[in-house]
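Structure at a glance
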Amino acid sequence: MQGVARRVLYVTLYELIAIAAATVALAWLTGQGPGHSSVVAVAASAIAVVWNLVFNWAFERWEARQPVRGRSTARRIAHAIGFEGGLVFTLVPLFAWWFEVSLWQAFVMDLGLIAFFLCYTFVFNWGFDRIFGLPASAQAGGAAAGNAAQTPR
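The structure presented is a predicted model; accordingly, all values stated were derived computationally and were not measured.

To continue, consider the overall build of the protein. Along its length, the protein carries 4 helices and 0 strands. Residue pairs at least 24 apart in sequence account for 68% of intrachain contacts in the protein once pairs closer than 6 positions are excluded. Summed over all atoms, the accessible surface of the protein reaches about 8100 Å², with 75% contributed by carbon and sulfur. Each charge class in the protein was averaged separately, 10 positive and 7 negative side chains, and the resulting centres sit 15 Å apart.

Once that is clear, we can look at unusual backbone geometry. Glycine aside, the phi torsion of most residues is negative, and most peptide linkages are trans. A positive phi angle, close to 55 degrees, is found at Glu100, a residue other than glycine. For Glu100, a relative accessible area of 72% corresponds to the exposed category.

Here the structure, examined in full by the defined rule, presents 7 salt bridges. Residues Arg71 and Glu63 are paired through a salt bridge, measuring 2.8 Å at the closest nitrogen-oxygen approach. Take Arg71 and Glu63: they sit in the same class, and that class is buried. Taking the shortest distance from any N to any O, the salt bridge between Glu63 and Arg75 comes out at 4.0 Å. Of this pair, Glu63 sits in helix α2 (residues 34–64) while Arg75 sits in helix α3 (residues 73–99), and the two are 12 residues apart along the sequence.

With 91% of its residues at a pLDDT of 70 or more, the protein has an overall mean of 84. Contacts from residues 143–153, a stretch scored under 50 in pLDDT, to residues over four places away or in other chains number 21 contacts.

Let's shift gears to the nonpolar core. In terms of nonpolar packing, the biggest core is built from 29 residues, with Tyr14, Leu26, Phe95 and Phe117 touching the most fellow members. Every element with two or more residues in this core is listed here: α1 (3–30), α2, α3 and α4 (103–132). Ignoring anything within four residues of it in the chain, the contact list for Phe117 reads Tyr14, Ala18, Ala22 and Glu84.

Rules behind the numbers
Residues numbered from 1 in each chain as written. Predicted model: local features only at pLDDT ≥ 70, side-chain atom pairs only at ≥ 80, totals over all residues. Heavy atoms only, no water. Helix = DSSP H or I, 4+ residues; strand = E, 2+ residues; numbered from the N terminus. Contact = heavy atoms within 4.5 Å. Areas by Shrake-Rupley, 256 points an atom, 1.4 Å probe, with all protein chains shown as cover. Lys, Arg positive; Asp, Glu negative; His and termini not counted. Charge placed at Lys NZ, Arg CZ, Asp CG, Glu CD. Buried < 20%, exposed > 50% of the residue type's maximum accessible area, 1.4 Å probe, protein only. Salt bridge = Lys/Arg side-chain N within 4 Å of Asp/Glu carboxyl O. pLDDT = per-residue confidence, 0-100. Core = buried A, V, L, I, M, F, W, Y, C linked by side-chain atoms within 4.5 Å.

Rendered as C-alpha cells:
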C-alpha cells in the first residue's frame, strides 16, 4: 500500500488508538473526568493529524534521498523522536490552557504522555510496516521498486 491511501489509513488507525489512550491517561493525570479529558484528546489528535501529514511527508522525502534503504531501529527511533518532539511545542500550551495549569506543570504532565507516545509511535510504525509493507521511500531501489522489493527488517 502506497501514497495517499497509506497515509489516510495510517493516520486514522494511529489517532483512534491515540485518542482512547490519551483520554484515559489525561483523566488519570489530572483527576478530571474522561469527558473533560476527551475534548483535549480530540483537539490534540487534530493537531497531531496535521503534524503527522507534514512530518511524514518531510521524513519520507529525506528518507528517499538516503543511500541506505529500509527502516533500521535507529531510523525508527529518529522518526519517533522527531514526530513527538514537534508535538510538544503545540500540545503543552494547549494542556496548560485547558487544564488551567502552568506551562511547566503541563510539560511535566506531558512527560508521561511523551514517554508513552514515543514507545507507541515506534511500535505502531513497526507493526504498520509489517502488515502493510514499507513505503516506497524505504524500499530497495527507491520509489519505483514497488512492494516486491522490500528489504529485511
